[in-house]
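Residue-level listing of the chains:
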Amino acid sequence: MCTVCGCGEAPVFIDGREISHEEAHRLGLAHSHGHEHGHEHEHTHSHDHDHAHPHDHAHDEQHHYGLGAAGVSVPGISQTRLIEIETGILAKNDALAVSNRRVLNALGALAVNLVSSPGSGKTTLLCRTIEMLGDQPLAVIEGDQQTTNDADRIRATGARALQVNTGKGCHLDADMVGRAMDTLHPRPGSILFIENVGNLVCPASFDLGEDAKVAILSVTEGEDKPLKYPDMFTAAKLAILNKTDLAPHCDADLDAYEANLRRVNPEIEVIRLSARTGEGMDLWLGWLRAHLAQKAL
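Predicted model only: the values in this text are computed from it and were never measured.

Cut-offs and rules
Residues numbered from 1 in each chain as written. Predicted model: local features only at pLDDT ≥ 70, side-chain atom pairs only at ≥ 80, totals over all residues. Heavy atoms only, no water. Buried < 20%, exposed > 50% of the residue type's maximum accessible area, 1.4 Å probe, protein only. Helix = DSSP H or I, 4+ residues; strand = E, 2+ residues; numbered from the N terminus. Pairing = 2+ DSSP bridges. Core = buried A, V, L, I, M, F, W, Y, C linked by side-chain atoms within 4.5 Å. Contact = heavy atoms within 4.5 Å. Phe/Tyr/Trp six-rings, centres within 6.5 Å; stacked < 30°, edge-to-face > 60°. Axes fitted to C-alpha atoms, helices over the stretch in contact; angles between N-to-C directions. Parallel < 35°, antiparallel > 145°, perpendicular 65-115°, else oblique. Nonpolar A, V, L, I, M, F, W, Y, C, P; charged D, E, K, R; others polar. pLDDT = per-residue confidence, 0-100. Salt bridge = Lys/Arg side-chain N within 4 Å of Asp/Glu carboxyl O.

Chemist: Whenever I open this one, the pairing of strand E6 (residues 191–195) confuses me. Can you help?
Modeler: Successive side chains on a regular strand alternate, one facing one side of the sheet and the next facing the other. By the criterion of burial, E6 is predominantly enclosed, with five of the five residues buried. Both faces of E6 are covered, namely the face carrying Ile191, Phe193 and Glu195 and the face carrying Leu192 and Ile194. Note that strand E3 (residues 110–116) and E6 share five bridges and pair parallel. Across the sheet, residue Ala111 finds its bridge partner in E6, namely Leu192. Of the pairings in the sheet, the one linking strand E4 (residues 138–144) to E6 comprises five bridges and is parallel in character. When the sheet's bridge partners are listed, Leu138 is paired in E6 with Ile191.

Chemist: Mind showing me how you'd approach the nonpolar core here?
Modeler: Here is a general trend for soluble globular proteins: nonpolar side chains tend to be buried in one another's company. Counting residues in each nonpolar core, the largest one holds 29 residues, and the members touching the most others are Val112, Phe193, Trp284, Trp287 and Leu288. Only E3, helix H3 (122–133), E4, E6, strand E7 (212–218), strand E8 (238–242) and helix H9 (281–295) provide two or more residues apiece to this core. No other element matches the six residues that H9 contributes to this core. In contact with Trp287, other than residues within four places in its own chain, are Val112, Ala212, Val214, Lys237, Leu238, Glu269 and Ile271. Leu217, Ala247, Tyr257 and Ile268 belong to the second-largest nonpolar core, a separate cluster that totals 19 residues.

Chemist: When you look at the side chain of Thr244 in this model, what are you seeing that I'm missing?
Modeler: Tracing the backbone through its elements, the reader meets Thr244 in the loop between E8 and helix H8 (254–264). Every residue in contact with Thr244, bar those within four places of it in the chain, is listed here: Val219, Leu254, Arg272, Leu273, Ser274 and Glu279.

Chemist: Teacher, can you tell me more about the packing of aromatic side chains here?
Modeler: Aromatic rings considered in pairs are described by the distance between their centres and by the relative angle of their planes. For the coordinates displayed, the defined rule picks out one aromatic pair. Relative to Trp287, the ring of Trp284 lies with its centre 5.9 Å away and its plane at 20°, an arrangement referred to as stacked. Remark: Trp287 and Trp284 occur in helix H9; sequence separation between them is three residues, near one turn of the helix.

Chemist: How should the packing of H3 against H9 be read in this particular structure?
Modeler: To describe two helices that pack against each other, one gives the angle between their axes and the distance between the axes. Packing of H3 against H9 leaves a shortest axis separation of 11 Å and a crossing angle of 70°. Between H3 and H9, the crossing angle belongs to the class labelled roughly perpendicular. Across the interface between the two elements, Leu125, Arg128, Thr129, Met132 and Leu133 from H3 touch Met281, Trp284, Leu285, Leu288 and Arg289 from H9. Of the residues belonging to the contact of H3 with H9, the class tally is seven nonpolar, one polar and two charged.

Chemist: For this particular structure, what's the right way to read the confidence of the model for the protein chain?
Modeler: Detail in the predicted coordinates should be disregarded across regions flagged by low pLDDT. Taken over all residues, the pLDDT of the protein chain has a mean of 82, while the share at 70 or more is 71%. In this model, residues 19–59 is a region of pLDDT below 50 whose contacts with residues beyond four sequence positions or in other chains number 26 contacts.

Chemist: Can you walk me through the pattern of salt bridges in this structure?
Modeler: When the charged atoms of two side chains lie near each other, side chains of opposite charge can form a pair. With the rule as written, the count across this model stands at 11 salt bridges. Asp175 serves as the salt-bridge partner of Arg179, at 3.0 Å between the closest nitrogen and oxygen. With Arg179 and Asp175 both in helix H5 (residues 174–184) and four residues apart, the pair spans about one turn of that helix. Using a relative accessible area of 15% as the deciding quantity, one classes Arg179 as buried. Between Asp245 and Arg276 there is a salt bridge whose closest N-O contact spans 2.9 Å. Remark: Arg276 occurs in the loop between strand E9 (269–272) and H9 and Asp245 occurs in the loop between E8 and H8; sequence separation between them is 31 residues. Taken together, the shared-partner salt bridges in this structure form one network comprising Asp255, Glu258, Arg262 and Arg272.

Chemist: Mind showing me how you'd approach the pairing of E3 here?
Modeler: E3 sits mainly inside the fold: seven of its seven residues count as buried. Taking every second residue as pointing to the same face, both faces of E3 are buried, with Leu110, Val112, Leu114 and Ser116 on one and Ala111, Asn113 and Val115 on the other. Where E3 meets E7, five bridges bridge the pair, whose relative direction is parallel. Looking across to E7, one finds that Leu114 is bridged to Val214.

As structure tokens, then:
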């Protein structure tokens, strides 16, 4: 179970290869077991008892499910137990992330974890970035619940890419990335792009061994997006305000976007760009090259 969103963890597929339940047990990975006895489990709660429910609150009253000690609510599990589960999951993940980071540091390779909502333009930006980087050694790990569509788009640029399908999982974790690295064998001095599953919640909590999380935010998503999903933008080192060419058509206030980003993370860097027109791409490429150079020091 992901204690951030409460979702179950399905078997993981790496370029079409399913990890078995036995292997998942051996590695200590969270996963789900199917029922083979041919029926569904449905739980209904009927109110046949004759008493009134004193719900006299106003209709505009808010319901907060993230105010407990665990910061999340899962039916039937106490806040204390949720904290224990989360601590165990993240401890295993963090240990694997340390291993990933050690390998990348030894190679002098820069790892960038691209995170965003679905439809922010991650893959289009990544394809344009690869084309503009020219002969820079790089590799891409693509995370999606299903299909190889994005990995196919990346490979069409000539770059090496490996698809990780997470099934019902809503994020990549350090084990998935480590296995993908074992297959890709990043070259010394290369850039490893990790395109995470489109989700602004769970990926914020999982260290993959990357040097930086880069949050991509489309101008079509609303200026208050950083305020609604503060954990992700707090965890990110850089925010890319993408699709700036559409700003005049959707009355987007770019200054308001930046102000809200810095309300949740005063240290965050912001680059405004359009992957379609190329505006701001030089700043993004400069950011990548500067951080890659730091790895060589």
